Amino acid sequence: MTDISTPLPSLVGLTRAQLAEKLTAIGVLPKELKMRVGQLWHWMYYQGVQNFDDMLNVAKPMRALLAQHYSLSRPQVVTEQISEDGTRKWLMRMPSTGKFDKGAEIECVYIPESDRGTLCVSSQVGCTLTCTFCHTGTQRLVRNLTAQEIVQQVMVARDRIGDFPGLTPPDDGLLPSGEGVRAVSNVVYMGMGEPLYNFDHVRDSVSVLTDGEGLSLSKRRITVSTSGVVPEIEALGNQCGTMLAISLHATRNDLRDVLVPLNKKYPIHELLEACKNYPGASNARRITFEYVMLKGINDSLEDAKLLVKLLKGIHAK
């Protein structure tokens with residue numbers, strides 16, 4: 001019997017394999033699993049429903065069984081900030097994972113443009129890296145986010161901006177417009193944390209986001225940003241097939257050692273060699289190099305020339 005004082009676990013954000021496990025746990029027969037998973041997948045990720053009773057092609061007894069054991073809940077939005085240009089930043093609280101966990105808090109940001117809507121998601125609570133210009137780098141790592149928690153950020157964003165069938169978009173007129181333009185068309189793993197230090201969950205979350213029968217995002221519209229975890233870059237290309245972004249910020253090892261301390265472990269030449277060999281990189285699938293310009297530190301003409309020289313031979317932008 002479920003303890004009524006404990007919130008029911010949510011199915012939202014789970015992979016197909018995880019959904020099958022949850023259904024098996026409540027007695028769904030093996031011969032029905034594929035069909036039931038497909039039904040749930042459609043209603044959760046395509047329709048965005050938040051109540052099992054809205055799953056109209058699922059038999060009432062099955063809906064009741066699901067509601068007895070599980071929920072379709074999302075993380076709690078603690079605060080929402082909306083800029084005059086339509087940018088929205090949410091502080092989300094994840095469900096508690098135990099007696100001494102009040103629920104991890106992370107940030108997620110939505111940036112609308114005329115031809116796209118980009119959602120910036122977090123992959124960790126805090127960060128182990130100590131990049132000098134990054135606020136998250138001042139916080140200790142609490143834990144990795146699960147694939148479910150990463151996907152749930154996308155679900156909350158689409159809820160809030162009315163990006164599921166039957167929902168009403170904000171009336172500020174600032175969402176992307178035009179025929180075929182989706183409100184959330186792009187996802188970037190550039191929020192809190194280093195995605196490649198949480199590779200397995202990032203990989204599984206990408207599989208949910210890109211499933212053609214659900215959220216159906218193109219892999220070319222998903223970008224994973226790394227500070228340079230070289231050993232995982234090839235795996236990202238082979239197993240996820242997403243776009244890659246490199247948080248570079250310096251053209252010399254002595255300076256990057258200070259700005260991005262991970263450079264001491266994986267220096268610039270090793271990082272750029274991994275980029276040259278990134279699976280799928282081409283003129284049509286260029287690697288993005290991120291470079292925060294810090295006055296008097298990394299913004300000289302010499303730095304600019306060296307940057308051009310370093311990126312020669314790499315499909316880059």
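Scroll up to find the structure this text is about.
Described in the following lines is the structure provided in the data block.

### Describing the environment of glutamate 232
Point 1. Here glutamate 232 shows up in helix α6 (residues 230-239).
Point 2. Under the relative-accessibility criterion, glutamate 232 is labelled partly exposed at 26%.
Point 3. Between the C-alpha atom of glutamate 232 and that of asparagine 198, which follows or precedes it by 34 residues, the distance is 10.0 Å.
Point 4. Among residues more than four places away in sequence, those in contact with glutamate 232 are Leu196 and Phe199.

### What to know about empty space enclosed by the protein
Point 1. Counting across every chain of the model gives one cavity of 30 Å³ or more.
Point 2. Put simply, the largest cavity is a space of about 40 Å³.
Point 3. Lining of the largest cavity is provided by Thr242, Met243, Leu244, Tyr278, Pro279, Gly280, Ala281, Arg285, Arg286 and Ile287.
Point 4. Looking at the lining of the largest cavity, its residues break down into six nonpolar, two polar and two charged.

### Notes on the sheet that holds strand β4 (residues 117-120)
Point 1. Strand order in the open sheet formed by eight strands is β1-β2-β3-β4-β7-β8-β9-β10, with mixed pairing between adjacent strands. Of all the strands in the sheet, the pair left with one neighbour each is β1 (76-82) and β10 (288-290). Within the sheet, the average angular offset between the axes of one strand and its neighbour, ignoring direction, is 20 degrees.
Point 2. Here three bridges tie strand β9 (residues 243-247) to β10, and the two strands are oriented parallel to one another. Residue isoleucine 246 lies in a different strand from β10, and its bridge partner there is phenylalanine 289.
Point 3. Across the sheet, helix α4 (residues 147-160) is in contact with β1, β2 (88-93), β3 (105-112), β4 and β7 (186-189); its angle to β2 comes to roughly 130 degrees.
Point 4. Its contacts with the sheet put helix α5 (residues 199-209) on β7 and β8 (222-226), and the angle it makes with β7 is roughly 175 degrees.

### Re unusual backbone geometry
Peptide bonds are trans in most cases, and residues, glycine excluded, mostly fall at negative phi.
Point 1. The phi dihedral of serine 216 falls on the positive side, at around 55 degrees, and the residue is not glycine.
Point 2. Tracing the sequence through the fold places serine 216 in the loop between α5 and β8.
Point 3. On the accessibility criterion, serine 216 (35% relative accessible area) is partly exposed.

### Examining the pairing of β3
Point 1. Burial along β3 is one-sided: the face carrying Ile106, Cys108, Tyr110 and Pro112 is buried and the face carrying Glu105, Glu107, Val109 and Ile111 is not.
Point 2. Strand direction decides the pairing type here: β2 and β3, joined by six bridges, are antiparallel. Bridge pairing in β3 links methionine 92 to isoleucine 106.
Point 3. Between the end of β3 and the start of β4, which pair antiparallel, lie four residues.

### What to know about the pairing of β8
Point 1. With respect to burial, β8 is a largely interior element, five of its five residues being buried.
Point 2. The alternating pattern of β8 places Ile222, Val224 and Thr226 on one face and Thr223 and Ser225 on the opposite face, and all of these are buried.
Point 3. Alignment of β7 against β8, held across three bridges, turns out to be parallel. Paired with tyrosine 189 across the bridge in β8 is valine 224.
Point 4. In this view, the connection linking β7 to its parallel neighbour β8 by way of α5 has right-handed handedness.
Point 5. Alignment of β8 against β9, held across four bridges, turns out to be parallel. Note on β9: the bridge partner recorded for threonine 226 is isoleucine 246.

### Describing the pattern of salt bridges
Point 1. This structure, assessed with the given rule, holds 15 salt bridges.
Point 2. Of the charged contacts, one joins arginine 143 and glutamate 149 as a salt bridge, the two residues approaching to 2.8 Å between their closest N and O atoms. For the residue pair arginine 143 and glutamate 149, the accessibility class agrees, reading buried in each case.
Point 3. Where arginine 158 meets aspartate 163, a salt bridge forms, and the shortest distance between an N and an O atom there is 3.2 Å.

### Focus on the packing of aromatic side chains
Each aromatic ring pair is characterised by the separation of its centres together with the angle its planes make.
Point 1. What the rule picks out here adds up to one aromatic pair.
Point 2. Just above the ring of tryptophan 41 sits the side chain of arginine 16; from NZ or CZ to the centre is 4.4 Å.

### A closer look at the state of the cysteines
Point 1. The tally for this structure, following the rule as stated, stands at zero disulfides.
Point 2. As a non-bridged cysteine, cysteine 120 has cysteine 108 as the owner of its nearest cysteine sulfur, 7.2 Å distant.
Point 3. What makes cysteine 120 buried here is its relative accessible area of 14%.

### A word on the nonpolar core
Point 1. Membership of the largest hydrophobic core comes to 85 residues, with the highest contact counts inside it found for Leu11, Leu119, Val187, Tyr189 and Phe289.
Point 2. Residues in contact with leucine 119, not counting those within four places in the same chain, are Trp90, Cys108, Val109, Tyr110, Gln153, Val154, Ala157, Val184, Asn186, Val187 and Val188.

Thresholds applied
Residues numbered from 1 in each chain as written. Predicted model: local features only at pLDDT ≥ 70, side-chain atom pairs only at ≥ 80, totals over all residues. Heavy atoms only, no water. Helix = DSSP H or I, 4+ residues; strand = E, 2+ residues; numbered from the N terminus. Buried < 20%, exposed > 50% of the residue type's maximum accessible area, 1.4 Å probe, protein only. Contact = heavy atoms within 4.5 Å. 1 Å grid on protein atoms, 1.4 Å probe; cavity = no way out; pocket = protein on both sides within 12 Å on 5 of 7 lines; lining within 4 Å. Points joined across faces, edges and corners; volume = space filled by probe spheres on them. Nonpolar A, V, L, I, M, F, W, Y, C, P; charged D, E, K, R; others polar. Pairing = 2+ DSSP bridges. Axes fitted to C-alpha atoms, helices over the stretch in contact; angles between N-to-C directions. Right-handed = clockwise from strand over helix to strand, strands pointing away. Salt bridge = Lys/Arg side-chain N within 4 Å of Asp/Glu carboxyl O. Phe/Tyr/Trp six-rings, centres within 6.5 Å; stacked < 30°, edge-to-face > 60°. Lys NZ or Arg CZ within 6 Å of the ring centre and 35° of its normal. Disulfide = S-S within 2.5 Å. Core = buried A, V, L, I, M, F, W, Y, C linked by side-chain atoms within 4.5 Å.

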